[in-house]
Every structure is written in structure tokens, then in C-alpha cells.
Amino acid sequence: MQYKIINDAYGNVGSIELTKEDNTKISIPLDEANTDYQEFLSWKSEGNEPEPADE
Amino acid sequence: MSLALNGTNGVTYNDGTLQSSAPVGKNLIINGDMKIAQRGTSATGIASGNNFVLDRFIFNTGSIGTWTLSQDTDAPDGFSNSMKLQCTTANASPTGTNWCNFQQRIEAQNLQHLAYGTSSAKTITLSFWVKSNKTGTYTAMIYGYDSSPARTISAEYTISAADTWEKKTITFAGDSSGQIDNDNGAGFNIYWALGTGPDRKSSPLQTSWGAYDSTAFVSSSQVNLADSTSNYINITGVQLEVGENATPFENRMYSQELAMCQRYFQSFGGSNVADTVGQGTSFSTTNTYVLIHLLQTMRSVPSLGYSAVGDWRLHYPGVIGLEATVMAIATNESNNTKVIVNTTTATNASMGGGKCIQLSADSTINARLTFSAEL
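These numbers come from a predicted model, not from an experiment.

Caption draft 1: Looking closely at the pattern of salt bridges. Residue and element names in this part refer to chain B. One pass over the structure, following the stated rule, counts 14 salt bridges over all chains. Ionic pairing is found between Glu323 and Arg313, a salt bridge with its closest N-O pair at 3.2 Å. Taken together, the residues Glu323 in strand S20 (residues 323-332) and Arg313 in strand S19 (residues 312-315) connect sequence positions 10 residues apart. For Arg313, the salt bridge goes to Asp362, with nearest N and O atoms at 3.3 Å. Note that Arg313 is positioned in strand S19 and Asp362 in the loop between strand S22 (356-361) and strand S23 (369-372), a separation of 49 residues in sequence.

Pasting the structure below:
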């Protein structure tokens, strides 16, 4: 499981990309009611850091 | 039709049932008759985590066997479908807190009429049809998210006859000390345990509402459905309603049930090999924003799932057939009624900025976009 920051066309953080163990991907919005985003925040609060956005 | 008023308990209908709540909209469970399967009708090799096949129901397993989950046509009279769980790799001796279960989470704002946290807290009744080769004691539980600490109540039920449909009814007292927030988060999780390691059943079962105790969540007599690859369980007709009695299952039309499911999950694509799922505007020579209007207002801004990026292409103006292969997909500036899909392609001078673009399947029936706002 790997998280990666995805920037929008303006260069701002637009979403979080999650690559699952089976290599499928989902794009997670920055919405605190979204349970995938809640899991990302929980994962990050444990000291983990996502892969940075592409330049 | 004859009716008999029955004091403060409700109305007795001519089929003998005492109905203490309105028959329309009484069932707090969505897809209780297992007829909606937007993600597909089966999944094999399930060995870990939370898994969805039939809408709204989660199958959770942690190191207890491997399973096939499917929509089955085996069902009691009056139902067309059930959810079937078949053990395909056994684990006869689960350890620690490892367990498997299926669940449905209910949105908190749909539970406000239960009046939890007040002296008027309502009694509720869970009913369902179940069939299994493995007889014995099982456990159903309710987990209330919004109290701090979370509060739970559990109850045993028994599957008495092998390979036979049986209707089970469990009544839970209201929780005058509990709390259910009036929001779009999870209020209840309804659990059905299928097997557990010793650590979840080492204390006497908590059969009254109280603070969550992981050691008292599952009955010490709970069977282990994972102990043989011969084992299966089917369930359908799931209903949770206000009152002390189980009333007849609330049959909703397919369109109603689908719309209710689409508050939590929607799927686009897959109807043909060139299926178009949305249109948008090119933002640059590499990025296009494709607008997709959601079919229902979703619970939250949804996560965007997608099949392989190679399943997709963009059509843009010019000579017929001009197209670009998609290299990346992301949600962007979305809300719970619409999603903007940011697609990235290789630099393509013909695409430019401000051109009308169409996102379509690239010659495959497998191209899917999914939107999930599950609890």
C-alpha cells in the first residue's frame, strides 16, 4: 500500500493516490468525511509520509 | 384488510403481525434483499480486509480462511437473491483477535428517530433469513460509533437445521445513554460474526448496551464457519426496524433500492468497448478536466476508482479518430454531486487548451470508473 500526492493543474495538492497491494489505484479527495481520506490521515498521523507529487 | 389497534404498541394487521412502525421506510438496512450488485456478482480468493461485492454489505476477514462471496439465487420464498459466503481455504484454529464477519454500516443521520441518549430511546428489532450447513450458535452485534467510548450490544442466535432457510429475529433495547450524531458519518455498524479467535470471546457476552469491550463482543459459543471448505452461509431479507417485533420485509422497488445504494457507490462504463463516461475541456497539452454528474447525491465527496489507465482514451476535435492515450487519472475539485476527472496524457500539441474532449473506453469492456462514499 502506497500513498502519493497528486497535484492539480495549478500545482496545488489536488488529491491522494492510493496504490493497493493488488496494484489497483484509487484517487482520494481531500474530504474529511471520505473514509479513504480518514484512513490516509490516520496513516499519516502515525508518522508516515506519502510519496511527493511529480514535478 | 382488517386492522386492530393494539394499545400503544401499534397496529395488528390481518396477517397477524403487529406493526409498530410505518411500513414504508421502516427498514434501516439498504439492499437487505441482496438484489443490488453494482460491483459485480462474485469475488473469489478473499483472505483479508474489508470487501464489497453486493452493495452496502462488507465482508471482513483477518487471517481466517479464504472465501468466495457471491450473489446467489438460492433464497426463501418471496426473495430472489441472497448473499453467499463459501469457505475455500479452511482455518480450524483462529488465534488472538482474528475474526471474520459481515457488516452493514448505517449513516448516523438516518438513525435520529431512535432517540438514543434520551429516556425515549427506541427498542429496535433485527430480522433476517439465514441458511448454512453449519448449525450452532452465532452472534449478531451493534456497534455505536458516536459515543465516547463507542458502545455495543450483542446477541446470540442459533442456526438449528443444516441447509435449511430459517428466519431469525433479535430485539435490542434502546440505549438511553448512547449518542448518535446528526451527521453523515457512521452511526451503527451491524455485525454478524462467522468465526473468531479466543480474544474476542473471552468474557461473558455483553448483551446490554455498554462501552465496547473487545473481549465480550462475540459469544463464547460462536461457531467457526472457517473450519472446513464445506462450509457456507447464505443470508437475505435483512431488516432493522423500530419496535419489539419483526414485521414483514419492506419490499422496495429495484429503482428505489439502487438509488439508495448509489448514495454510497456508483459505477460508470462497461456497457460497450467504446463506452463514453464524460466530456470535458482540455486544460493544457497534457491535462483535461472531464466532468461527470453523479447519479445521486453521494454521502461525501467520493473516492475515484478506475480500471487500468490503458483502458481509457481521450477524443479531441479535428480529424475523426484523433485521440490520446490516458496516462494518469485523478479526482479534482469534486463534490458529492459531481466529479471532475483530471486525466493526464503525453504532451499533445493538438489538444491545446479549451478544447472539447470526450473520455471513452479504449476498445475494452473492462473500462470502469467507480465512485465510493462508503461509510
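From this point, the discussion proceeds with the structure in view.
Caption draft 2: A look at the interface of chain A and chain B. Between chain A and chain B, the residue contacts involve 18 residues of the former and 20 residues of the latter. A combined buried area of about 1300 Å² lies between chain A and chain B, and 49% of that area is made up of carbon and sulfur atoms. It is Ala9, Ser27 and Ala33 of chain A that lose the most area in chain A upon contact with chain B, and together they represent 31% of the buried surface on that side. Linking chain A to chain B there are zero salt bridges. Scanning the region where chain A abuts chain B turns up 10 residue pairs in polar contact (both at pLDDT 80 or more). Where the side of chain A that touches chain B is concerned, the elements lending two or more residues are strand S1 (2-7), strand S2 (13-19), strand S3 (25-28) and helix H1 (35-45) of chain A.

Caption draft 3: Looking closely at the packing of aromatic side chains. Residue and element names in this part refer to chain B. Using the criterion set out here, one finds 23 aromatic pairs over all chains in the structure. Arranged with centres 5.3 Å apart and planes meeting at 85°, the rings of Tyr212 and Phe217 form a pair that is edge-to-face. Site record: aromatic cluster; members linked through ring pairs are Phe57, Phe102, Phe128, Tyr138, Tyr157 and Trp192. We note Arg39 situated over the ring of Phe265; from NZ or CZ to the ring centre the distance is 3.8 Å. The ring of Tyr232 has Lys84 sitting right over it, with the charged end atom 5.2 Å from the ring centre.

Caption draft 4: Representation of the side chain of Glu166 of chain B. Residue and element names in this part refer to chain B. By the secondary structure assignment, Glu166 is in strand S11 (residues 166-172). Relative accessible area serves as the criterion here: at 11%, Glu166 is assigned to the buried category. Of the polar contacts made by the side chain of Glu166, one reaches the backbone nitrogen of Ser160; its length is 3.1 Å. Sequence-distant contacts of Glu166, defined by excluding residues within four places in its chain, comprise Phe128, Trp129, Val130, Thr158, Ile159, Ser160 and Ala161.

Parameters and conventions
- Residues numbered from 1 in each chain as written.
- Chains lettered and ligands numbered in written order.
- Predicted model: local features only at pLDDT ≥ 70, side-chain atom pairs only at ≥ 80, totals over all residues.
- Heavy atoms only, no water.
- Salt bridge = Lys/Arg side-chain N within 4 Å of Asp/Glu carboxyl O.
- Helix = DSSP H or I, 4+ residues; strand = E, 2+ residues; numbered from the N terminus.
- Contact = heavy atoms within 4.5 Å.
- Buried area = accessible area lost by both parts, 1.4 Å probe.
- Polar contact = N/O pair within 3.5 Å; in protein donor to acceptor, adjacent residues only side chain to side chain.
- Phe/Tyr/Trp six-rings, centres within 6.5 Å; stacked < 30°, edge-to-face > 60°.
- Lys NZ or Arg CZ within 6 Å of the ring centre and 35° of its normal.
- Buried < 20%, exposed > 50% of the residue type's maximum accessible area, 1.4 Å probe, protein only.

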